[in-house]
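Residues per chain are reported as follows:
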Amino acid sequence: MNTMTNSAQAPRRLTILGATGSVGCSTLEVVLHNRERFEVVALVGNTNISLLAEQAVACNAQLAVTADETRLGELKNLLAGTGIEVAAGDAAVIDAAQRPADMVVAAIVGAAGLKPTLAAAAQGTTIALANKECLVCAGDVFLRALQASGAKLLPVDSEHSAVYQVLDQNQPDQIDKIILTASGGPFRSYEHAQLASITPDQALKHPNWSMGPKITVDSSTLMNKGLELIEAFYLFPVSANQLDAVIHPQSIVHSMVAYKDGSVLAQMGEPDMKTPIAYALGWPNRIPAPVKRLDLAALGQLTFEAIDRTKFPAVALCLGCLERGGSATTVMNAANEVAVAEFLSNNVAYLGITQLVDATLNAAEKDGMIAELRSLDDVSHADLYGREKATELARSLQS
Ligand code: NAD
Ligand code: MG
């Protein structure tokens, strides 16, 4: 049952999974900007214990949890005397996700976010979903779990929040296309040959958005746009051939819906995650967010261009996985998580990221690993295969 409270008097009870990350910190800012509207049930982080403790005090959380079991003592010491409960380890993360709350913000990065998010959804708790990997790696299995409990899903990713805000849910047959915008990342105007020598430091500098390291690298390869197209496929009532993406370097138009009458509705704003976060946190009402106001006259112009799919093969790779269906997107997501981590550790070259994902998918096809996903076990199996195969292939690339 959906337990969302909307009345002005009752504060919305909120849990934040991945509180110490980029989306988590922005969520906390929106919460503290609207102090009376929210009551924080639990904050979940991983290794940044001092920030987790600081946040728990700032928002007067009931519970603070670190996924890292070895850091419990540190968290206990930092929160001693505050009355805030502490816990650690994977089981504690699941418990925190299941505590009675009106909304859980799912902002853990990667497939690690899947189980805690599902645990929250199983309680019927509304999910404000930032973690795109959940939908990419578990698609239908994830949506079926939500359906079973009646949990509502609200997108936090800026593109999907934009689509959600302009989508006419009552007339899905009148949608012509969903068009996601992409900044094009820092290497948009590079020649293909220049991409070969890109370092982690270069890939970690996004021109418009300030985000965690994994999604920043994904944005530079345009893998992020590929993952978002898959995310859109599961979130909205359209088929894969109604999904499109266009480069928009200013990141002001956050995405669009084109209708059969020729109208195109877009949502605009400064490139700041606090806006889509506030939209999800306040839904169905709007609440204020501490963000810079959009000044179109000062900006002067908004530009758009087609994606160069040869230079950035990740988009076609993702759409190909969507067509193949079943575990293809699960294997692809796992391989990409490994490839990005290997690139950030200087073990794989920049162009090797998408090559590694492609090679893992080809191996999966040969090994008969692309199959229908019926259960969470099927998801875990495909995810593990993708991780192990990509790791093995990365080692062979180095030797
Ligand atoms: P981040 O790396 O900044 O933060 C990740 C958070 O997850 C941290 O709090 C970390 O402690 C926690 N975490 C990591 N591994 C964990 C584990 N095993 N168990 C429990 N907690 C764990 O990442 P981010 O940029 O905030 O992105 C979070 C998610 O939101 C990603 O899925 C990303 O694709 C998505 N997203 C991010 C942005 C953005 O602007 N940053 C925008 C749209 C979508
Ligand atoms: Mg996005």
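Above this note sits the structure.
This report concerns the structure included in the present document. Bear in mind the structure is a predicted one, so any value in this text is a computation, not a measurement.

A tally of regular secondary structure across the protein chain gives 16 helices and 11 strands. Taking 2.2 N^0.38 as the reference for a compact globule, 399 residues should give roughly 21 Å; the C-alpha atoms of the protein chain span a radius of gyration of 21 Å, in line with that estimate. Seen along its three principal axes, the alpha-carbon backbone of the protein chain occupies a region of about 55 × 55 × 40 Å. The burial tally for the protein chain puts 54% of its 399 residues in the buried class. Residue pairs in contact within the protein chain that sit at least 24 positions apart in sequence constitute 67% of those at least 6 positions apart. For the protein chain, the exposed surface amounts to about 16,600 Å²; the carbon and sulfur share of it is 51%. A distance of 2 Å separates the average location of the 29 positive side-chain charges in the protein chain from that of its 42 negative side-chain charges.

To continue, consider the site of ligand 1. By nearness alone, 23 residues border ligand 1, and Thr20, Ser22, Val23, Glu133 and Gly212 come closest of all. For ligand 1, an oxygen atom lies 2.9 Å from a polar atom in the backbone of Ser22. The separation between an oxygen atom of ligand 1 and a polar side-chain atom of Glu133 is 2.6 Å. Protein burial of ligand 1: of its 830 Å² of free accessible surface, 86% is covered by the chains. For the shell around ligand 1, the class distribution of residues is 12 nonpolar, eight polar and three charged. The residue makeup of the shell around ligand 1 includes at least three contributed by each of domain 1 (12-156) and domain 2 (160-271 + 295-299).

Let us look at the pattern of salt bridges. Taken as a whole and judged by the stated rule, the model has 22 salt bridges. Here Lys274 makes a salt bridge to Glu29, at a shortest N to O gap of 3.7 Å. Of this pair, Lys274 sits in helix α11 (residues 274-282) while Glu29 sits in helix α1 (residues 22-33); the two residues are 245 residues apart in sequence, bridging distant segments of the chain. Lys274 gets classed as buried once you look at its relative accessible area, which sits at 9%.

Moving on, we come to the sheet that holds strand β5 (residues 103-106). Taken together, seven strands build an open sheet; the order of strands is β4-β3-β2-β1-β5-β6-β7 and the sheet is parallel. Only two strands of the sheet have a single neighbouring strand rather than two, namely β4 (85-88) and β7 (153-155). Sheet twist, expressed as the average angle between the axes of neighbouring strands with direction ignored, equals 20 degrees. As paired elements, strand β3 (residues 63-66) and β4 share four bridges and run parallel to each other. When the sheet's bridge partners are listed, Leu63 is paired in β4 with Glu85.

Before going further, it helps to spend a moment on the nonpolar core. Membership of the largest hydrophobic core comes to 129 residues, with the highest contact counts inside it found for Leu43, Phe142, Ile178, Phe236, Leu281 and Met332. In this view, Leu281 contacts Arg12, Leu14, Thr27, Val30, Val31, Phe38, Met103, Val105 and Ile287; residues no more than four positions away in its chain are not counted. With five residues, the next largest nonpolar core counts Ile179, Val253, Met256 and Ala258 among its residues.

Within the protein, the atoms that donate to the magnesium ion (ligand 2) are Asp157 (OD), Glu159 (OE) and Glu228 (OE), at distances of 2.1 to 2.2 Å. Ordering the donors of the magnesium ion (ligand 2) by residue number gives the pattern D-x1-E-x68-E. With Asp157 in the loop between β7 and α7 (158-166) and Glu228 in helix α10 (residues 223-235), this residue pair connects regions lying 71 residues apart in the sequence. Here Asp157 falls in the buried class, since its relative accessible area comes to 7%.

Note: strand β10 (residues 253-259) against strand β11 (residues 264-268), five bridges, orientation antiparallel. The residue of β11 that forms the bridge with Ala258 is Val264.

Bringing the packing of helix α4 (residues 90-98) against helix α5 (residues 114-122) into the picture now. Their axes nearest at 7 Å, the elements α4 and α5 cross at an angle of 30 degrees. Note that α4 runs across α5; the crossing there is right-handed. Each of Val93, Ile94, Ala97 and Gln98 in α4 lies in contact with α5, whose residues at this interface are Lys115, Pro116, Ala119 and Ala120. Of the residues in the contact of α4 with α5, the class split is six nonpolar, one polar and one charged.

Moving on to the sheet that holds strand β8 (residues 175-182). If you walk across this open sheet you meet the four strands as β9-β8-β10-β11, and the pairing is mixed. Since the sheet does not close on itself, it has two edges, and those belong to β9 (243-247) and β11, each with one partner. With strand direction ignored, the average angle separating the axes of adjacent strands in the sheet is 20 degrees.

This brings us to unusual backbone geometry. Looking along the chain, the bond that leaves Trp283 and enters Pro284 is cis, with omega of 5 degrees. With respect to the secondary-structure elements, Pro284 resides in the loop between α11 and α12 (296-299). The backbone of Ser251 shows a phi angle near 50 degrees, a positive value even though the residue is not glycine. Counting through the fold element by element, Ser251 comes out in the loop between β9 and β10.

Before going further, it helps to examine empty space enclosed by the protein. Under the criterion given, the structure shown has one cavity of 30 Å³ or more. If you add up the space inside the largest cavity, you get close to 70 Å³. If you go around the largest cavity, the residues you meet are Leu195, Thr221, Lys311, Phe312, Pro313, Tyr350, Leu351 and Thr354.

In an α-helix, one turn spans 3.6 residues; hence positions three or four apart end up facing the same way. An ideal rise of 1.5 Å per residue puts 18 Å on 13 residues; α10 measures up with 18 Å between its terminal C-alpha atoms. Extensive coverage of α10 is indicated by the burial of 12 of its 13 residues.

Reading guide: rules and limits
Residues numbered from 1 in each chain as written. Chains lettered and ligands numbered in written order. Predicted model: local features only at pLDDT ≥ 70, side-chain atom pairs only at ≥ 80, totals over all residues. Heavy atoms only, no water. Helix = DSSP H or I, 4+ residues; strand = E, 2+ residues; numbered from the N terminus. Rg over C-alpha atoms; globule rule 2.2 N^0.38 Å. Buried < 20%, exposed > 50% of the residue type's maximum accessible area, 1.4 Å probe, protein only. Contact = heavy atoms within 4.5 Å. Areas by Shrake-Rupley, 256 points an atom, 1.4 Å probe, with all protein chains shown as cover. Lys, Arg positive; Asp, Glu negative; His and termini not counted. Charge placed at Lys NZ, Arg CZ, Asp CG, Glu CD. Near = heavy atom within 4 Å. Polar contact = N/O pair within 3.5 Å; in protein donor to acceptor, adjacent residues only side chain to side chain. Nonpolar A, V, L, I, M, F, W, Y, C, P; charged D, E, K, R; others polar. Domains from an automatic or database assignment. Salt bridge = Lys/Arg side-chain N within 4 Å of Asp/Glu carboxyl O. Pairing = 2+ DSSP bridges. Axes fitted to C-alpha atoms, helices over the stretch in contact; angles between N-to-C directions. Core = buried A, V, L, I, M, F, W, Y, C linked by side-chain atoms within 4.5 Å. Donors = N, O, S within 2.8 Å, 3.2 Å for Na, K, Ca; no water. Left-handed = near helix turned anticlockwise from the far one by under 90°. 1 Å grid on protein atoms, 1.4 Å probe; cavity = no way out; pocket = protein on both sides within 12 Å on 5 of 7 lines; lining within 4 Å. Points joined across faces, edges and corners; volume = space filled by probe spheres on them. Expected span 1.5 Å × (residues − 1).

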